[in-house]
Amino acid sequence: MRTSLAIARKELSIYFTTPWAYAVFTAMLAISSFFFISYLYQFDQAQEMARSFGWKAVPPQFRNLTDGVMVPFWTSVMIITLFVAPFLSMRLFAEEKRNKTFELLMTAPVRPVDIVAGKYLGGLGVISTTLGLTIFFPLLLSVFGQGEEGSALEWSTVLMGYGGMLLWGATCMAIGMFLSALTESQMVAALLTFAVLLPWLLLRGLAQGTEEPVRSFINYLSFDAQMQGMLRGVLDLKALVFFLSVIFFSLLLSHRTVEAQRWA
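This section reports on the structure supplied with the text. (Residues numbered from 1 in each chain as written. Predicted model: local features only at pLDDT ≥ 70, side-chain atom pairs only at ≥ 80, totals over all residues. Heavy atoms only, no water.)

1. Looking at the nonpolar core
Move 1: Counting 64 residues, the largest nonpolar core has W74, W168 and F223 as its most contacted members.
Move 2: Residue contributions to this core peak at 13 residues, all from helix α8 (residues 155-180).
Move 3: When neighbours within four sequence positions are excluded, F223 is seen to be in contact with W168, T171, I175, L197, W200, L201, F242, F243 and V246. (Core = buried A, V, L, I, M, F, W, Y, C linked by side-chain atoms within 4.5 Å. Buried < 20%, exposed > 50% of the residue type's maximum accessible area, 1.4 Å probe, protein only. Helix = DSSP H or I, 4+ residues; strand = E, 2+ residues; numbered from the N terminus. Contact = heavy atoms within 4.5 Å.)

2. Re helix α3 (residues 65-89)
Move 1: Counted at 1.5 Å a residue, the expected span for α3 with its 25 residues is 36 Å, and the 33 Å between its end C-alpha atoms agrees.
Move 2: F83 marks where α3 bends most, by close to 30 degrees; the proline P86 follows one to four residues later.
Move 3: Most of α3 sits out of view: 19 of its 25 residues are buried. (Expected span 1.5 Å × (residues − 1). Bend = angle between axes of the 7 residues up to and from the residue.)

3. A look at the packing of α8 against helix α12 (residues 223-231)
Move 1: At a minimum axis separation of 8 Å, α8 and α12 run at an interaxial angle of 155 degrees. One way to sum up the angle between α8 and α12 is to call them roughly antiparallel. Residues T157, M160, G161, G163, G164, M165, L167, W168, T171 and I175 of α8 form the contact with α12, whose own contacting residues are F223, M227, M230 and L231.
Move 2: For the contact of α8 with α12, the class distribution of residues is nine nonpolar, five polar and no charged. (Axes fitted to C-alpha atoms, helices over the stretch in contact; angles between N-to-C directions. Parallel < 35°, antiparallel > 145°, perpendicular 65-115°, else oblique. Nonpolar A, V, L, I, M, F, W, Y, C, P; charged D, E, K, R; others polar.)

4. Observations regarding the environment of L92
Move 1: Relative to the elements of secondary structure, L92 occurs in helix α4 (residues 91-98).
Move 2: Using a relative accessible area of 0% as the deciding quantity, one classes L92 as buried.
Move 3: Taking the C-alpha atoms as reference points, L92 and A189, separated by 97 residues in sequence, lie 9.7 Å from one another.
Move 4: Residue contacts for L92: discarding those within four places in its chain leaves E11, Y15, K119, G123, M173, M177 and S180.

5. Side note on the packing of aromatic side chains
Move 1: Enumeration over the complete set of coordinates arrives at 20 aromatic pairs.
Move 2: Measuring from centroid to centroid gives 5.8 Å for Y22 and F25, while their planes differ by 85 degrees, and the two rings are edge-to-face. Separated by three residues within a single helix, Y22 and F25 lie in helix α2 (residues 19-53), roughly one turn from each other.
Move 3: Owing to a relative accessible area of 41%, Y22 belongs among the partly exposed residues under this scheme.
Move 4: Centroid distance F34 to F35: 5.5 Å. Interplanar angle 80 degrees. Geometry classified as edge-to-face. (Phe/Tyr/Trp six-rings, centres within 6.5 Å; stacked < 30°, edge-to-face > 60°.)

All quantities given are derived from atomic positions and should not be read as evidence of function.
Spelled out as structure tokens, the structure:
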């Protein structure tokens, strides 16, 4: 465990001493701000309509800030993470191979499981930091917003959605790390990660044209379908098991890949 933590610290120091991570942080904040302001504007327009024509003229989700702003905002953050995570995970192994330091790492008295765990913890730290920036937006609403009963937000729903985002980010990093272990090109690793995550996320749409029990099976495999409950503040144990299983098998594949390359 000590070795894994040392590798994680090294990975984090590399992330935070290069401009790439800060460029990703800036992009995350800028794009998230755009969506947040857009949803806030839509919510304000809905409130104006309600004052003029009554609440029956307004969709139910616009009656509070949590459902009208934060739930769609977390959905947008999930999509942004889909684009951000490949660029954070691509360097985990591919950079080592490109710089010819992977062979040195393989000859060191370090177990493959420690290497994989350490690199994943480092990647998990940077994706958590990236997603941590988005918690600023519900805090802003909590300070300046005003709900119907005096409370601006339902924090249980907001925090469950944020927890879902962290779980989604952890899953993206696990998949991205495995694909990074397969190549020495960082861009190839990023493109492969995106090419795997995007269709997997869109499986829910594919399921609409199928019949039972195929529809339920495809929905179960869809990241989007699994995430919907958490985004609305509902803790679904099936979703938790699903994401943790994907993370576990991605780490297992990474370990097998590194171990195979060690003896190649």
